[in-house]
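Chain residues, written in single-letter form:
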Amino acid sequence: MSVEQWLLLLPLLAPLAIAPLLGRGGLFWSWPLVVIGLVLPLFAFASGAQLELPWALLQARFSVDQIAEPLLILAGPLWAAAVVSAWWQMRDDTHRGAFMAALAVVLAALYGVLTAADLASFYFAYALMTFAAYPLVVHYRTPVAFRAGRVYLTMAVLAEGAVLSAVLLLSAGVGNPPLAEVPGIVAEHPRKELLVGLLLLGFAVKAGAFPLHVWLPLAHPAAPVAASALLSGLVVKAALIAWLRMLPLGEVGLPFYGGLLMAAGIVTVVYANAVGIVQARPKTVLAYSTVSQMGLLLLAVGMALCYPQIAPAVFGGALLFAVHHGLAKGALFLACGLSSSGRGWYMLVPAMAIAGVPLSSGALAKAAIKDGVYQLPAGDLLVAFLGVASVLTTLLLLRFLWVAWSGRGAGHESGGRIQQLAVLGLIASSLCLPWLVAAHWEFTQVNSAITGQAIFDAAWPVLVGLGVAGMFGALFWSASAPLLPRLPEGDWIKPVMLWGVRSGYFIRRHWRNRPRLPSAPSPTLLSARLFAAIESRLFALAMAGALFLALVLGISLIGLFAGENP
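My aim in this report is to walk through the structure given alongside it, one point at a time. (Residues numbered from 1 in each chain as written. Predicted model: local features only at pLDDT ≥ 70, side-chain atom pairs only at ≥ 80, totals over all residues. Heavy atoms only, no water.)

**Section: the overall build of the protein chain**
Part 1: Looking only at helices and strands, one finds 23 helices and two strands in the protein chain.
Part 2: Looking at the protein chain as a whole, 55% of its 566 residues are labelled buried.
Part 3: A sequence separation of at least 24 residues applies to 81% of the contacts in the protein chain between residues at least 6 apart. (Helix = DSSP H or I, 4+ residues; strand = E, 2+ residues; numbered from the N terminus. Buried < 20%, exposed > 50% of the residue type's maximum accessible area, 1.4 Å probe, protein only. Contact = heavy atoms within 4.5 Å.)

Right, dumping it as structure tokens:
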């Protein structure tokens, strides 16, 4: 293999090789992972680089294509900052080896998801990422963490069943196709509706689509901040990568599934913002913010599935939005790990970016999505909805800033100077890299995002959100306000789990108190009785045979004697 091919393989093999060393508690081996993360964005400019391994996993192939390029820009800084943050947090943790080893495996799997060029490699990397993330969620080994892990793992296994069914159905006639050919294969498949349905359902869990989002608000508060940053910044984006690579976007129009995904996106945005606004812990509020932002990506993918002609614009807008959101949200989660005094200042800039303040990366990303929306028949209505969504996002982030600034939810984290530098580096990346991505890959017209009209379109939702928060401050600034509804983290899943537990207690209690029936004889007693009955029958037959023989002998003797005296 050439040097270029070895370099392309390095971010996949190096974390897997380092994981056993980290598992033994050797935190020194975290730093090679940091170096890989820092150089990873350079791979984005190796467009067209390919690697083929005929001996590995059905002829595994990896490449840097138009989808991987901008996401490698996102993965690099977030990868490095998460490892640095984890190194600082885990230095005195008794379970640091298990966490760092799982983190290394997740990073390798994420790189595999980004660069896999064939169906089998993509699925293997995606499944590895899914199951390797479980130790990150349950790291603190508290009842809350284990409950979040159970919900995550249960939903992940069910989703993997749908994804695996789609992969097997897809590969039944074509083997292990290149990912670039999968959308065309799906478009021409005789069961394309079933295939698309399985792909949408299987990856919707990872994307946090309503009502399959409940693992996110449970996992984020339970996990360390480094794990939360990766989950929200990169892991949930794996669903977007899968849809962009596998759905027949631009190949064929599927109005039913496209409309269903658009409706799910709209409901997800509104519902997640409404529930998140009444939460009292900063990481929980951020989890619902991630769900709402993923709802916008659901809406974008649904538009492309419904209207094939806008697929190119949606591709660019969705990828740019993923880069912006991953960097900003990763910075917010890592900032939650800082000491409560003053950590709010680190959160201001990324929070403003997610709200879409004018001239921010959020405003740029939302302008890119609107480029596709304007081409739709009902584009004006969707643009108005995006404005309402920005108002709700502003309210949610104001709530987050309040609960974070007040020092709630510090939990296990206590940041030091190294972690502060990691957060500042990620904030700087969120300020610059989305603009670089937009300019280099021409996902949107950068100049159009700084016009007067664009600034007005980005400013009014934020101003409206500030005004609403000022008018109804009691709903946002106080965690104990009487008007504030009480909704549990994970919303509907907790009542369902509680109902299941109570139903189990009810069934067990009534089963124990049921009227007692005569106890059934044991199998041993039954066999003893059976053998006794058989034995008695045989004894009776023997006695009957003896009596019959005696009777025959008696009659014979009578006949004998009768014959002697005629």
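What follows picks up the thread again.
**Looking at the packing of helix α4 (residues 96-115) against helix α5 (residues 119-132)**
Part 1: For the pair α4 and α5, the least separation of the axes is 8 Å and the interaxial angle reads 150°. Classified by the interaxial angle, the pair formed by α4 and α5 is roughly antiparallel. Every pair of crossing elements has a handedness; the one defined by α4 and α5 is left-handed. Contact with α4, carried on its side by A102, V105, V106, A109, L110, G112 and V113, involves F122, A125, Y126, L128, M129 and A132 of α5 and no other residues of that element.
Part 2: Class assignment for the residues of the contact of α4 with α5 results in 12 nonpolar, one polar and no charged. (Axes fitted to C-alpha atoms, helices over the stretch in contact; angles between N-to-C directions. Parallel < 35°, antiparallel > 145°, perpendicular 65-115°, else oblique. Left-handed = near helix turned anticlockwise from the far one by under 90°. Nonpolar A, V, L, I, M, F, W, Y, C, P; charged D, E, K, R; others polar.)

**Some remarks on helix α16 (residues 343-355)**
Part 1: Helix length check: α16 (13 residues) gives 19 Å between terminal C-alpha atoms against 18 Å at 1.5 Å per residue, within 8%.
Part 2: The principal kink in α16, of about 30°, is found at V349, preceding the proline P350 by one to four residues.
Part 3: Along α16, the residues classified as buried are R343, G344, Y346, M347, P350, A351, A353, I354 and A355.
Part 4: Against α14 (282-306), α15 (311-335), α17 (361-373), α18 (379-405), α19 (417-441) and α20 (452-471) lie the buried residues of α16. (Expected span 1.5 Å × (residues − 1). Bend = angle between axes of the 7 residues up to and from the residue.)

**Topic: the pattern of salt bridges**
Part 1: This structure, assessed with the given rule, holds two salt bridges.
Part 2: In this structure, the salt-bridge partner of D65 is R245, at a minimum N-O distance of 2.6 Å. One end of the pair, D65, is in the loop between β2 (60-63) and α3 (68-89); the other, R245, is in helix α12 (residues 237-246), with 180 residues separating them in the sequence.
Part 3: Judged by its relative accessible area of 23%, D65 is partly exposed.
Part 4: A relative accessible area of 5% means that R245 is categorised as buried.
Part 5: Note that R281 is salt-bridged to E489, the shortest N-O span being 2.8 Å. Note that R281 is positioned in the loop between α13 (255-276) and α14 and E489 in the loop between α21 (473-477) and α22 (493-512), a separation of 208 residues in sequence.
Part 6: E489 gets classed as buried once you look at its relative accessible area, which sits at 14%. (Salt bridge = Lys/Arg side-chain N within 4 Å of Asp/Glu carboxyl O.)

**Regarding the pairing of β2**
Part 1: Burial along β2 is two-sided: A60 and F62 facing one way and R61 and S63 facing the other are all buried.
Part 2: Both strand β1 (residues 50-53) and β2 contribute to a ladder of four bridges, which runs antiparallel. Along β2, the bridge assignment pairs L53 with A60. (Pairing = 2+ DSSP bridges.)

**Points about the side chain of Q293**
Part 1: Within the secondary structure layout, Q293 lies in helix α14.
Part 2: Look at Q293 and you get buried, because its relative accessible area is 1%.
Part 3: Not counting chain neighbours up to four residues away, the residues in contact with Q293 comprise F321, H325, I354 and T393.

**Thoughts on the packing of aromatic side chains**
Part 1: Counting across every chain of the model gives eight aromatic pairs.
Part 2: Relative to Y126, the ring of F122 lies with its centre 6.2 Å away and its plane at 20°, an arrangement referred to as stacked. One end of the pair, F122, and the other, Y126, are both in helix α5, four residues apart, so they sit about a helical turn from each other.
Part 3: Classification of Y126 by relative accessible area gives buried; the value is 2%.
Part 4: With 5.0 Å between their ring centres and 85° between their planes, Y126 and F203 make a pair best called edge-to-face. A residue pair is termed long-range when its members are at least 10 positions apart, and Y126 in helix α5 and F203 in helix α9 (residues 192-207) qualify at 77 residues.
Part 5: Under the relative-accessibility criterion, F203 is labelled buried at 1%.
Part 6: Three or more aromatic residues link up through ring pairs in this structure, and these residues are W31, W87 and W88. (Phe/Tyr/Trp six-rings, centres within 6.5 Å; stacked < 30°, edge-to-face > 60°.)

Keep in mind that these numbers describe shape and distance, not what the molecule does.
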